[in-house]
Amino acid sequence: FLKIKNAAIVCQALVRRAQAERALWKAQSAVTTLSCWVRCVFAKMELTRLKREDAAIRIQSFARMIACLVVFKRCKSAAITIQKIARGAIQRPKYRLALKEAEEEARVNTKLAALQRRLHEAEMKWMKADKQRIEAEKRAAQATGQPLATTATTTTTTTN
């Protein structure tokens, strides 16, 4: 009887152990599922927080970029203005000198043109007088009936 009793106890112990292992496995599985779900919820919360933080960082970065761009454009504009003023200061004396030279050249050209015109007028007057002299000599020679004396007079003309 004791053998059977011990055998029944051993069987009961094995069954209880199997039941306890199954219950433990179910409990461990439930805990794992629950902890996984909790980690998932916390991860989602962290992700949401990081997204908000990332969005805030992007907004702040964009605002800083715009501010820096405004400062850069202002500095660039100031640099361009400074360069314009410096180039003007460098170029202005050169321009004044070139203007004086151009005025002087125009004045000289005007005087030269006037002298050339006077020279041309004088030459034309001289040629006209020479022509009149030759005509007068011809008329005088024809009136007296004498042959025309050859003179070594040469007429020069200048062309401009």
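Residues numbered from 1 in each chain as written. Predicted model: local features only at pLDDT ≥ 70, side-chain atom pairs only at ≥ 80, totals over all residues. Heavy atoms only, no water.

## Some remarks on the overall build of the chain
Tallying secondary structure elements over the chain gives one helix and zero strands in all. For the chain, the C-alpha radius of gyration of 61 Å lies well beyond 15 Å, the compact-globule estimate for 160 residues. Total accessible area on the chain stands at roughly 14800 Å², and carbon and sulfur atoms take up 65% of it. Here the chain holds 32 positive side-chain charges and 13 negative ones, and the gap between their average locations is 26 Å. (Helix = DSSP H or I, 4+ residues; strand = E, 2+ residues; numbered from the N terminus. Rg over C-alpha atoms; globule rule 2.2 N^0.38 Å. Areas by Shrake-Rupley, 256 points an atom, 1.4 Å probe, with all protein chains shown as cover. Lys, Arg positive; Asp, Glu negative; His and termini not counted. Charge placed at Lys NZ, Arg CZ, Asp CG, Glu CD.)

## Let's talk about the pattern of salt bridges
Inspection of the entire model under this criterion finds seven salt bridges. With a shortest N-O distance of 2.8 Å, R133 and E137 are connected by a salt bridge. Highlighted residues: R133 and E137, both in helix α1 (residues 2-144), separated by four residues, approximately one helical turn. Several salt bridges share partner residues, and in doing so they unite E46, R49 and E53 into one network. (Salt bridge = Lys/Arg side-chain N within 4 Å of Asp/Glu carboxyl O.)

## Re a nonpolar patch on the surface
Residues F62, M65, I66, L69, V70 and F72 make up a contiguous nonpolar surface patch of roughly 560 Å² in combined accessible area. Turning to its location among the elements, V70 is positioned in helix α1. The class of V70 is partly exposed, set by a relative accessible area of 39%. (Patch = residues over 30% accessible without salt bridge, like charges linked within 9 Å, V, L, I, M, F, W, Y side chains within 5 Å. Buried < 20%, exposed > 50% of the residue type's maximum accessible area, 1.4 Å probe, protein only.)

## Observations concerning the confidence of the model for the chain
Per-residue confidence for the chain averages 90 on the pLDDT scale, and 91% of its residues sit at or above 70. A low-confidence stretch, residues 151-160 (pLDDT under 50), is modelled with 12 contacts involving residues beyond four sequence positions or located in other chains. (pLDDT = per-residue confidence, 0-100. Contact = heavy atoms within 4.5 Å.)

## Digging into α1
Taking 1.5 Å of rise per residue, 143 residues should cover 213 Å, and α1 covers 198 Å from first to last C-alpha, within 8% of that figure. Considering bend angle alone, the principal kink of α1 is centred on Q91 and spans about 30 degrees; proline P93 follows within four residues of it. Listed as buried for α1 are G88, E123, D130 and A141. G145, located one to two residues past α1, shows a positive phi value of around 80 degrees. (Expected span 1.5 Å × (residues − 1). Bend = angle between axes of the 7 residues up to and from the residue.)

## Points about the environment of A30
Looking at the element boundaries, A30 is found in helix α1. On the basis of relative accessibility, which here comes to 46%, the residue A30 falls in the partly exposed class. Separated by 95 residues in the primary sequence, A30 and K125 have C-alpha atoms spaced 133 Å apart.

## Focus: the state of the cysteines
In total, this model carries zero disulfides according to the counting rule given. Here C36 is not cross-linked by a disulfide; its sulfur's nearest cysteine counterpart is in C40, at 6.1 Å. (Disulfide = S-S within 2.5 Å.)

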